[in-house]
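Breakdown of the fold
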Amino acid sequence: LYFTQSYKFCVVLYTKSKKAMRFRLHKIRHKIRLAFAILILFTGVILYISQYYMWKSNEYQSLKTQIKDLLNLSLTVQNHQKNFLLTDAKSITYFKQKGVSQNLSEYNKNALKIKKLITQLEKNSALKQLNIQKNLQKIRQAHTQYNTWFNDLSSKIQYKGFKDYGLINKMRVAAHRLEKTDSIRQFDINKLRRHEKDFLLRKDLIYANKLYRLNRQIKQQLRKQIDTLKKQDSVVIHKLELYIKTANTYEDLFAKIVTTEIKIGLTENEGIRGNLKNIIADIKLELNILHDTVNERDR
């Protein structure tokens, strides 16, 4: 009996011990699974954060590259504008081709690239986070205005003309008529032409005013001469009146050229040229703000 009870007790003890062990093993496995799940979650969070910052870094790097490209394109169109003024505006080929030139073609091509690049930049989410959308908007508006002024500049240069083209050609024709109308006044005509050439070369209104003053004096003298002549001197009177009429045509054409030159800009700080210079300065300022802001954030 004692042996039987001992055996039963051992069996019960063994069963309880086995159940307790199973419970502990189950608890340990649960803890391991929980720890493994936490590890996976933690690793996922770290990967997400690293991927996020990597994506952000790439986004800022892309933004920096695009801003640099925009700056380079802005410099490119400015160079084509300068080359246009230095070469095309004084080239017979440009006027013969009715306003077509390599510099104008390259300018328009790069101006279109700028427009597309600004559109791409506007889609960059980093732009809003850095709060520089207004700066980019100012750059877009400035480039639009720049294109408007430059197109106006090229059309006015073509209108003014060069040698056998435009207003300058018409003025030269009128000057030659003056020479044929009254060869006696060749000295005065030569002085008029000298003032004309000095203005076109130096772009100084002093020479324009000298031409106006001299032409006015000549016409006043001729009118006085007409008043002293008799009716029988009708041939002479007609000749003098024809000279005055041709002189007026010559001066009117010269005045149109002067007005056009003033609109273009007698110096680089005046007229359309001055406007373009100011817009260039504004674009550079806004581009520097974009560049510096992105660089500060990316550090």
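Residues numbered from 1 in each chain as written. Predicted model: local features only at pLDDT ≥ 70, side-chain atom pairs only at ≥ 80, totals over all residues. Heavy atoms only, no water.

Of the pockets and cavities examined, the largest pocket occupies roughly 890 Å³. Sort the elements by how many residues they give to the lining of the largest pocket and helix α10 (residues 271-298) lands first, with 6 residues. Residue composition of the lining of the largest pocket, by class: 13 nonpolar, 4 polar and 14 charged. (1 Å grid on protein atoms, 1.4 Å probe; cavity = no way out; pocket = protein on both sides within 12 Å on 5 of 7 lines; lining within 4 Å. Points joined across faces, edges and corners; volume = space filled by probe spheres on them. Helix = DSSP H or I, 4+ residues; strand = E, 2+ residues; numbered from the N terminus. Nonpolar A, V, L, I, M, F, W, Y, C, P; charged D, E, K, R; others polar.)

Here a ring pair, both rings aromatic, is described through the centre-centre distance and the interplanar angle of the planes. A full pass over the atoms with the stated rule returns 9 aromatic pairs. For the ring pair phenylalanine 84 and tyrosine 94, a centre distance of 5.4 Å and an interplane angle of 85 degrees mean the geometry is edge-to-face. Here phenylalanine 84, found in helix α1 (residues 2-86), pairs with tyrosine 94, found in helix α2 (residues 92-96); they are 10 residues apart in sequence, far enough to count as distant. Here phenylalanine 84 and tyrosine 94 have matching classes, each one buried. A connected cluster of aromatic rings, assembled from ring pairs, spans Phe84, Tyr94, Phe95, Tyr107, Tyr146, Phe150, Phe162 and Tyr165. (Phe/Tyr/Trp six-rings, centres within 6.5 Å; stacked < 30°, edge-to-face > 60°. Buried < 20%, exposed > 50% of the residue type's maximum accessible area, 1.4 Å probe, protein only.)

The next point concerns helix α3 (residues 102-122). Because an α-helix completes one turn every 3.6 residues, residues spaced three or four positions apart along the sequence face the same direction. The end-to-end C-alpha distance of α3, which contains 21 residues, comes to 31 Å, matching closely the 30 Å that a straight helix rising 1.5 Å per residue would cover. All of the buried residues in α3 are Asn103, Leu104, Glu106, Tyr107, Asn110, Ala111, Ile114, Leu117, Ile118 and Leu121. The buried residues of α3 all sit within an arc of 155 degrees when viewed along its axis, so they share a single face. In α3, the exposed positions angled more than 90 degrees off the buried face are occupied by Gln102, Lys115 and Lys116. (Expected span 1.5 Å × (residues − 1). Arc of directions from axis to C-beta.)

Our next topic: the confidence of the model for the protein. Mean pLDDT over the protein works out to 85, with 80% of the residues at or above the 70 mark. Considering only residues more than four positions removed or in separate chains, one finds that residues 51-55, a stretch of pLDDT under 50, has 1 contact. (pLDDT = per-residue confidence, 0-100. Contact = heavy atoms within 4.5 Å.)

Here we take up the side chain of serine 74. Residue position: serine 74 is located in helix α1. Overall, serine 74 belongs to the buried group, its relative accessible area being 1%. Here serine 74 is in contact with Ile114, His143, Ile283 and Leu287, once residues within four sequence places are set aside.

This part takes up the pattern of salt bridges. For the coordinates displayed, the defined rule picks out 11 salt bridges. Across the pair arginine 193 and glutamate 196 runs a salt bridge whose closest N-O atoms are separated by 2.7 Å. With arginine 193 and glutamate 196 both in helix α7 (residues 186-202), this residue pair falls 3 residues apart, about one helical turn. Side by side, arginine 193 and glutamate 196 carry an identical accessibility label, which is buried. Of the charged contacts, one joins aspartate 198 and arginine 202 as a salt bridge, the two residues approaching to 2.9 Å between their closest N and O atoms. Of this pair, aspartate 198 and arginine 202 both sit in helix α7, 4 residues apart, roughly one helical turn. When its relative accessible area of 18% is taken as the criterion, aspartate 198 is described as buried. (Salt bridge = Lys/Arg side-chain N within 4 Å of Asp/Glu carboxyl O.)

Located in the positive-phi region is asparagine 131, a residue other than glycine, with phi close to 60 degrees. On the secondary structure map, asparagine 131 appears in the loop between α4 (125-129) and α5 (133-160). Residue asparagine 131 is classed as exposed on the basis of its relative accessible area, which comes to 61%. One non-glycine residue, lysine 163, lies in the positive phi region at around 55 degrees. Within the secondary structure layout, lysine 163 lies in the loop between α5 and α6 (166-181). Note on lysine 163: relative accessible area 44%, which makes it partly exposed.

What follows is about the side chain of lysine 219. Looking at the secondary structure, you find lysine 219 in helix α8 (residues 205-228). Setting aside chain neighbours within four positions, we find lysine 219 in contact with Ile244, Ala247, Asn248 and Glu251.

Together, Arg194, Lys210, Arg213 and Arg216 make up a region of like positive charge exposed at the surface. Broken down by element, the residue count for the positive patch peaks at 3 residues, all from α8. Classification of lysine 210 by relative accessible area gives partly exposed; the value is 33%. (Patch = residues over 30% accessible without salt bridge, like charges linked within 9 Å, V, L, I, M, F, W, Y side chains within 5 Å. Areas by Shrake-Rupley, 256 points an atom, 1.4 Å probe, with all protein chains shown as cover. Lys, Arg positive; Asp, Glu negative; His and termini not counted. Charge placed at Lys NZ, Arg CZ, Asp CG, Glu CD.)

Before going further, it helps to spend a moment on the packing of α6 against α7. Their axes nearest at 10 Å, the elements α6 and α7 cross at an angle of 165 degrees. When the interaxial angle is binned, α6 and α7 end up roughly antiparallel. Pair α6 / α7 crosses with left-handed handedness. For the pair α6 and α7, the contacting residues are Met171, Arg172, Ala175, His176, Leu178 and Glu179 in the first and Gln186, Ile189, Leu192, Arg193, Glu196 and Leu200 in the second. The residue makeup of the contact of α6 with α7, split by class, is 6 nonpolar, 2 polar and 4 charged. (Axes fitted to C-alpha atoms, helices over the stretch in contact; angles between N-to-C directions. Parallel < 35°, antiparallel > 145°, perpendicular 65-115°, else oblique. Left-handed = near helix turned anticlockwise from the far one by under 90°.)

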